[in-house]
Amino acid sequence: MNDLEYAFAAAYIKTIANKMLTRKDLEQLMGFGTAEEAIKFLKDRGYGGKSDGDGRLEGLLQRELETAWQEAYSVLTEGAPVDILLYQNDFHNLKTVLKAMMSNAAWEELVIRPCIVEPQELYDAAVTADFGGLPEFIRDTAEQAYERITSSNDGQLTELLIDKQAFAVMRKRAGDNRFLAGWVELNIFLANLKTAVRGAYTGKTAQFLAGAMLPSEQIQAERLAAAAAEGIDAVLALIEAGGYAAAAERARESMSAFEKWCDDQRMEYLKDYKNNSFGVEPILAFLIGKQSEIQAVRMIVSGKENRIPEELIRERLRELYV
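Here is what the cut-offs are and how they apply
- Residues numbered from 1 in each chain as written.
- Predicted model: local features only at pLDDT ≥ 70, side-chain atom pairs only at ≥ 80, totals over all residues.
- Heavy atoms only, no water.
- Helix = DSSP H or I, 4+ residues; strand = E, 2+ residues; numbered from the N terminus.
- Rg over C-alpha atoms; globule rule 2.2 N^0.38 Å.
- Buried < 20%, exposed > 50% of the residue type's maximum accessible area, 1.4 Å probe, protein only.
- Contact = heavy atoms within 4.5 Å.
- Areas by Shrake-Rupley, 256 points an atom, 1.4 Å probe, with all protein chains shown as cover.
- 1 Å grid on protein atoms, 1.4 Å probe; cavity = no way out; pocket = protein on both sides within 12 Å on 5 of 7 lines; lining within 4 Å.
- Points joined across faces, edges and corners; volume = space filled by probe spheres on them.
- Nonpolar A, V, L, I, M, F, W, Y, C, P; charged D, E, K, R; others polar.
- Polar contact = N/O pair within 3.5 Å; in protein donor to acceptor, adjacent residues only side chain to side chain.
- Expected span 1.5 Å × (residues − 1).
- Phe/Tyr/Trp six-rings, centres within 6.5 Å; stacked < 30°, edge-to-face > 60°.

By the naming in an unreviewed UniProt entry, the protein goes by V-type ATPase subunit and is assigned to Candidatus Avimonoglobus intestinipullorum.

Right, dumping it as structure tokens:
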């Protein structure tokens, strides 16, 4: 598909996006006294499709997300680059099944969907040490991660390897698509910022931080790692000097406030693309935005289930796509 051929798909997805939850809807959701009332409100709006399911929150959210992907796939031809948005789910699932294999633990409830590779395929490949049947984008990473975790039993280093490989694969898949390339670089940058801030707060060594950083086009990873090893003041000073004073300010407030800032940058990025009439960008932006919406719903309803104060939930809510 070229940009003109995406015109119908973009227009169709915009009609779907117009039905997404707004901040006003979230406020109404917040106003219910119980999680059950909140879930009924969502179902009455058609959230999660026509299936009643089992009435549990996660099932409802999973069906809603799957419906969004089905809508996108219904108007896209084979080869559209939406698969890149699922790569991180697959690499997360790889981490999950490797940990489960090493500890002989259950993993089925811990995987993320939608995904490209059926999680059972990942698990079977791991327990048999046969990765030849996996798709090319994850095959080498799975084999390398298997070798690392079975030889060292170091889950943390294995996760670092998988994360680095995941972003390398995403960079390759993004190619010269401006939206996707920018999206991948933004996520790499934010991942580095989180690593630096967390590492500074928890006292990680310079060696560990250097190994955890990803090559970035923004603040150099080496400088971030060195600053984080010095302490939180050094890394926040570097972030401010790099033009991200708001990020440093949020990090001084709390890790939660800083992570909210990071997530809000992702929604800010979508603003320049979601209203495009041509190209695949509006479809990609919609799918990313839908994930953010679902996270917000989960935060509110699960907060009610766990009796978290409303003001605390409100503080943690991220920006929405619409």
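What follows continues from the structure just given.
(A) Looking closely at the overall build of the protein. Across its full length, the protein carries 16 helices and zero strands. Expected size for 322 residues packed as a compact globule is a radius of gyration near 20 Å; at 20 Å, the protein falls within 12% of this value. Considered along the principal axes of its C-alpha atoms, the protein spans approximately 50 × 45 × 45 Å. For the protein, buried positions account for 47% of its 322 residues. When contacts within the protein are restricted to residue pairs at least 6 apart in sequence, long-range pairs at least 24 apart make up 65% of them. By element, 48% of the accessible surface of the protein is carried by carbon and sulfur atoms, the whole surface being about 16,100 Å².

(B) Expanded view of empty space enclosed by the protein. Applying the stated criterion to the full structure yields one cavity of 30 Å³ or more. In this structure, the largest cavity encloses a volume near 30 Å³. In this structure, the largest cavity is lined by K95, L98, K99, I149, G155, T158 and E159. Listed by contribution, the elements that provide at least two residues to the lining of the largest cavity are α5 (87-103) and α8 (155-174). In terms of residue class, the lining of the largest cavity is made up of two nonpolar, two polar and three charged.

(C) Looking closely at the side chain of E293. Relative to the helices and strands, E293 is located in helix α15 (residues 281-305). Judged by relative accessible area, which is 1%, E293 ranks as buried. A distance of 2.4 Å separates polar atoms of two side chains, one belonging to E293 and the other to Y47. Apart from residues no more than four positions distant in its own chain, E293 is found in contact with M20, L21, Y47, E64 and L320.

(D) Spatial organisation of unusual backbone geometry. Here the amide bond leading from R113 into P114 is cis, since omega sits at 0°, within 30 degrees of zero. Following the sequence through the fold, P114 ends up in the loop between α5 and α6 (119-128). The residue N104 is not glycine, and still its phi comes out positive at about 55°. Along the chain, N104 falls in the loop between α5 and α6. Under the relative-accessibility criterion, N104 is labelled exposed at 70%. Phi at A129 takes a positive value of approximately 55°, unusual for a residue other than glycine. Its place among the elements puts A129 in the loop between α6 and α7 (136-152).

(E) How the structure looks around the layout of surface pockets. If you add up the space inside the second largest pocket, you get close to 320 Å³. Taken together, 14 residues line the second largest pocket, and the ones lying closest to its centre are I16, K19, G46, E64 and K290. Broken down by secondary-structure element, the contributors of at least two residues to the lining of the second largest pocket are α4 (57-74) and α15. Top element by residues in the lining of the second largest pocket is α4. It accounts for four residues.

(F) Local environment of helix α14 (residues 255-270). The end-to-end C-alpha distance of α14, which contains 16 residues, comes to 24 Å, matching closely the 22 Å that a straight helix rising 1.5 Å per residue would cover. Here α14 has its buried residues at A257, F258, K260, W261, C262, D264, R266, M267, Y269 and L270.

(G) Expanded view of the packing of aromatic side chains. Enumeration according to the criterion identifies 13 aromatic pairs in this entry. Taken together, a centroid distance of 4.8 Å and an interplanar angle of 45° make the contact between F189 and Y244 tilted. Highlighted residues: F189 in helix α9 (residues 178-202) and Y244 in the loop between α12 (232-241) and α13 (245-253), separated in sequence by 55 residues. Overall, the relative accessible area of 2% leaves F189 in the buried class. Under the relative-accessibility criterion, Y244 is labelled partly exposed at 21%. Judged by centre distance (5.4 Å) and plane angle (35°), the ring pair of Y269 and Y273 falls under tilted. Residue classification places Y273 among the buried residues on the basis of a relative accessible area of 12%. Aromatic rings pair up to connect F179, W183, Y269 and Y273 into one cluster.

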